[in-house]
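Secondary and tertiary structure notes
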Amino acid sequence: MKILAVIGSPRKGNTYRAVQQIEEEMRASDDSVEFEYLLLKDVKLEPCRGCFLCVSKGEAFCPVRDEQQQIFEKMLSCDGVIFASPVYAGSITALLKNLFDRFSYVCHRPCFFGKHALLVVTSCGSRIPDTLKYMGTIIGSWGFSIDGKVGLMRHPAIENTAKVEKSMRKAGKDFYCAIRSGKSVPPSLGMLLQYRVMRMNALGSREHFPADHAYYKDKKDYYLDVRIGWVKNLFAKAAEKLIVAMMSKAA
Ligand SMILES: Cc1cc2nc3c(=O)[nH]c(=O)nc-3n(C[C@H](O)[C@H](O)[C@H](O)COP(=O)(O)O)c2cc1C
């Protein structure tokens, strides 16, 4: 089992230590687990230049030459990725946001199905649920199965080391078991709607979004061939029809 830990902090601090505890627990479950850290502070990942070519024409058209492709391949070659960030000014750090920006095209053409993700957030106490929710929205839209979300408070004036350690160990054990079971979280209604909207846009704008068009043109009810509950599917289809009707009325 290969795990990649993407650390969004600009230092080896609380977030890094929390992930180390997860690593220890996963290794205790199975000593063959391979663990690699990707400290975003140490990689060459330049800011997005905003040309939009990765989304419209395809990721190969990105004009920035840095370590983006290596990072992509690292994520793709793993069974599970831990995305970890401290809360800075109410959300993820700029380092992790930059990674999200540079992989924006993956929200259009998700490719991490079958891969598992665990989300970790540390803060002095505020904005943990919002930050985890935001991370889940982006990473889920890349196709990852979000198998766990863990937030921990590290306040200089509050000693809660034992509690933190316990929650990290539990997160590590649960993540290990989720990957081991091989089961992925079934598509949520949100993902079904995302799929419908993205496909509708891609099929209707071949000229502007050729990369999306090529990705969606042969797809049916979802990104991949999985069982979808009929109620959810019916709702997603109806929502798509409604959006089409509203758009043609607005045009
Ligand atoms: C620039 C900066 C901004 C921060 N903003 C927040 C915040 O909005 N809310 C909060 O609860 N903690 C905030 N913190 C505290 C960190 O989230 C917290 O100490 C975290 O555990 C640090 O993780 P690290 O040691 O891995 O960098 C901030 C810390 C820094 C350095």
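Residues numbered from 1 in each chain as written. Predicted model: local features only at pLDDT ≥ 70, side-chain atom pairs only at ≥ 80, totals over all residues.

1. Concerning unusual backbone geometry
Applicable threshold: Secondary structure is summarised from DSSP: a helix means a run of H or I of at least four residues, a strand means a run of E of at least two, and numbering begins at the N terminus for each.
Its identity as a non-glycine residue notwithstanding, Phe-52 has a phi of 75°, on the positive side. Locating Phe-52 in the fold gives a position in the loop between β2 (34-39) and α2 (53-56). With phi around 60°, Arg-127 is a residue other than glycine that occupies positive phi space. As for its position among the elements, Arg-127 is in the loop between β4 (116-123) and α6 (128-141).

2. Thoughts on the domain arrangement of the chain
For the record, the criterion: Note that domain bounds follow an automatic or database assignment of domains. The contact criterion used is a C-beta to C-beta distance within 7 Å, with each C-beta placed from the backbone. Under the convention adopted here, Pro, Cys and the residues Ala, Val, Leu, Ile, Met, Phe, Trp and Tyr are nonpolar, Asp, Glu, Lys and Arg are charged, and Gly plus all remaining residues are polar.
Segmentation of the chain into domains returns domain 1 (2-181) and domain 2 (189-250). Taken together, the contact pairs ten residues of domain 1 with eleven residues of domain 2. Its residues assigned to classes, the side of domain 1 that touches domain 2 shows two nonpolar, six polar and two charged.

3. A short note on the pairing of β2
Condition: Pairing between strands is defined by DSSP: at least two bridges between them are needed. Here a crossover is taken to be right-handed if, once the strands point away from the viewer, the path from the first strand over the helix to the second is traced clockwise.
With six bridges connecting them, strand β1 (residues 2-7) and β2 associate as parallel partners. Of the residues in β2, the one forming a bridge with Leu-4 is Glu-36. Taking the sense of rotation as the criterion, the β-α-β connection linking β1, helix α1 (residues 14-29) and β2 turns out right-handed.

4. What about the packing of α1 against helix α7 (residues 161-181)?
Basically, it comes down to this: Inter-axis angles, ranging from 0 to 180 degrees, are taken between N-to-C directions of lines fitted to C-alpha atoms, where helices are fitted over the stretch in contact. Convention used here: angles under 35 degrees read as roughly parallel, angles over 145 as roughly antiparallel, angles from 65 to 115 as roughly perpendicular, and any remaining angle as oblique. By definition, any crossing whose near helix is turned counterclockwise from its far helix by less than a right angle is left-handed, and any crossing with a clockwise turn is right-handed.
In the contact formed by α1 and α7, the axes pass within 8 Å of each other and the chain directions differ by 50°. With respect to each other, α1 and α7 are oriented oblique. Our pair here, α1 against α7, has a crossing hand that is right-handed. Together, Ala-18, Gln-21, Ile-22, Glu-25, Met-26 and Ser-29 of α1 and Val-164, Glu-165, Met-168, Arg-169, Ala-171, Gly-172, Lys-173, Phe-175 and Tyr-176 of α7 make up the contact between the two elements. When its residues are assigned to classes, the contact of α1 with α7 shows eight nonpolar, three polar and four charged.

5. A word on the site of the ligand
Heads up, the condition is: For each residue, a C-beta atom is placed from the backbone, and the residue is labelled near a molecule or strand when this atom is within 6 Å of it.
Looking at the ligand, there are 18 residues lining it, with Ser-9, Gly-13, Thr-15, Pro-86 and Ser-123 nearest. At the level of elements, α1 and β4 are the ones that each hand at least two residues to the shell around the ligand. Along the lines of polarity and charge, the residues of the shell around the ligand split into six nonpolar, nine polar and three charged.

6. A closer look at α6
Stated formally: Every helix has an expected span of 1.5 Å times one less than the residues it contains.
Given a rise of 1.5 Å per residue, 14 residues ought to cover 20 Å, and the 20 Å separating the end C-alpha atoms of α6 matches this to within 8%. Buried residues along α6 sit in contact with β3 (80-86), α4 (94-102), α5 (104-108), β4, β5 (145-153) and α8 (189-204). Once α6 finishes, Gly-143 follows within two positions and takes phi at roughly 105°, a positive value.

7. Some words on the nonpolar core
As a reminder, the rule being used: Only buried Ala, Val, Leu, Ile, Met, Phe, Trp, Tyr and Cys residues enter a nonpolar core, and they are joined through C-beta atoms within 7 Å. Every C-beta atom is placed from the backbone, and the number of other C-beta atoms within 10 Å of a residue's own sets its class: buried at 20 or more, exposed at 12 or fewer, partly exposed in between.
Among the nonpolar cores identified, the biggest contains 50 residues, and Val-6, Ile-82 and Leu-119 are the most heavily contacted of them. With six residues, α7 is the largest single contributor of residues to this core. Excluding residues within four positions of it along the chain, Leu-119 makes contact with Phe-83, Leu-132, Met-135, Gly-136, Ile-139, Ile-146 and Lys-149. Counting residues in each nonpolar core, the second largest holds ten residues, with Met-191, Leu-192, Met-198 and Phe-209 among its members.

8. Looking at the sheet that holds β4
One open sheet accounts for five strands, arranged β2-β1-β3-β4-β5; its pairing is parallel. In the strand order of this sheet, the two ends are held by β2 and β5, each with one partner. The sheet shows a mean angle of 15° between the axes of neighbouring strands, taken without regard to direction. For β1 and β3, the ladder comprises five bridges, and the chain directions are parallel. Each residue of the ladder has a partner; that of Ile-3, found in β3, is Gly-80. Packed on one face of the sheet, α6 meets β3, β4 and β5 and runs near 155° to β4.

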